[in-house]
Amino acid sequence: MRVVGSLILALTLAVGSGGAASALPTPERDALAGPLVGRTIVIDPGHQLGNHNFPRKIARLVPAGGFRKACNTTGTATRGGYPEATMVWQVSRMLATRLRGLGADVTLTRHSNRQDRWGPCVDVRGRAGNRAGADLKVSVHGDGSTAARARGFHVIAPTDRRPWTHDIYRPSQRLARETRAALRGVGLPVANYTAGGDGVDFRSDLGTLNLANIPSVMVELGNMRNSSDARRMTSRKGRATYARALARAVVNHLR
Ligand code: ZN
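Remember, it's a predicted structure, so these values are computed and weren't measured experimentally.

### Here's the deal with the sheet that holds strand β7 (residues 200-203)
Piece 1. Taking strand neighbours across the sheet as the criterion, the six strands line up as β4-β1-β5-β8-β6-β7 in an open arrangement whose pairing is mixed. The open sheet has two edge strands, β4 (105-108) and β7, and neither has a second partner. In this sheet, adjacent strand axes meet at a mean angle of 25° when their direction is disregarded.
Piece 2. Sheet analysis places strand β1 (residues 40-45) next to strand β5 (residues 136-143), joined by five bridges and oriented parallel. Each residue of the ladder has a partner; that of Pro45, found in β5, is Val140.
Piece 3. Its contacts with the sheet put helix α4 (residues 84-101) on β1, β4, β5 and β8 (216-223), and the angle it makes with β5 is roughly 150°.

### Brief notes about the side chain of Ser172
Piece 1. Following the sequence through the fold, Ser172 ends up in helix α6 (residues 169-185).
Piece 2. At a separation of 2.6 Å, a polar atom in the side chain of Ser172 contacts the main-chain carbonyl oxygen of Ile168.
Piece 3. Setting aside chain neighbours within four positions, we find Ser172 in contact with Ala157, Pro158, Pro215, Ser216 and Val217.

### Notes on the state of the cysteines
Piece 1. Here the structure, examined in full by the defined rule, presents one disulfide.
Piece 2. One disulfide in the model links Cys71 with Cys121; its S-S distance is 2.2 Å. Across the S-S bond of Cys71 and Cys121 the torsion is about -90°, and the bridge reads as left-handed. Taken together, the residues span a long stretch of sequence, with Cys71 in the loop between β3 (68-70) and α4 and Cys121 in the loop between β4 and α5 (122-127) at a distance of 50 residues. Comparing Cys71 with Cys121 shows no difference in burial state: the two are buried.

Rules and cut-offs
- Residues numbered from 1 in each chain as written.
- Predicted model: local features only at pLDDT ≥ 70, side-chain atom pairs only at ≥ 80, totals over all residues.
- Heavy atoms only, no water.
- Pairing = 2+ DSSP bridges.
- Helix = DSSP H or I, 4+ residues; strand = E, 2+ residues; numbered from the N terminus.
- Axes fitted to C-alpha atoms, helices over the stretch in contact; angles between N-to-C directions.
- Contact = heavy atoms within 4.5 Å.
- Polar contact = N/O pair within 3.5 Å; in protein donor to acceptor, adjacent residues only side chain to side chain.
- Disulfide = S-S within 2.5 Å.
- Buried < 20%, exposed > 50% of the residue type's maximum accessible area, 1.4 Å probe, protein only.

Pasting the structure below:
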């Protein structure tokens, strides 16, 4: 007991001697440390680069929220051949660095961008962060529309699909609107080729959203087949702009 007692005394002294910051109430202290301290964010960087080398594995059907769907797809690419998998990997890594800098714990659904790897499947991506009770998930993609002059970003949120998304569709739709606002805020154009035309779509057919128990959105950062979107995606500065906006959306949502 005496050992425990002196341990507590030592800890009390150590905490008490922390200087000016320790004199602040907890919320102010956390704000100094970073707005995302204590938060866990899942980033899902679209498709693995090597998916096209494993067609049978990628075609396997997996649960997607009351129906089954192919494990994954190969993703798209710019006309110049810059793959979606690489673009979303690079943006996701920049985003992870930013969020960690703001104090968050960040988990990615894949840990490499390689031709000799595949997956994970959409069911694994969909459930990522559920067990850990993460605060939210952002799935990062680039679109591949061949429609003439199709360009711009759009954000996809789940519809109310009972029992799958009933628990998360409202905060997810809010997160989608916040993500749209943040992307607009750095000067990015809303997609001119999607259904509503306002930059937010609602879908019930995506395992990545249907299997989530945490607020989740999928963002199509732009149309990779469009030359002005592709120019942004293939430049480091352009990718940093996407990452900055996505980090802003996360902070705004969790504030
Ligand atoms: Zn994609």
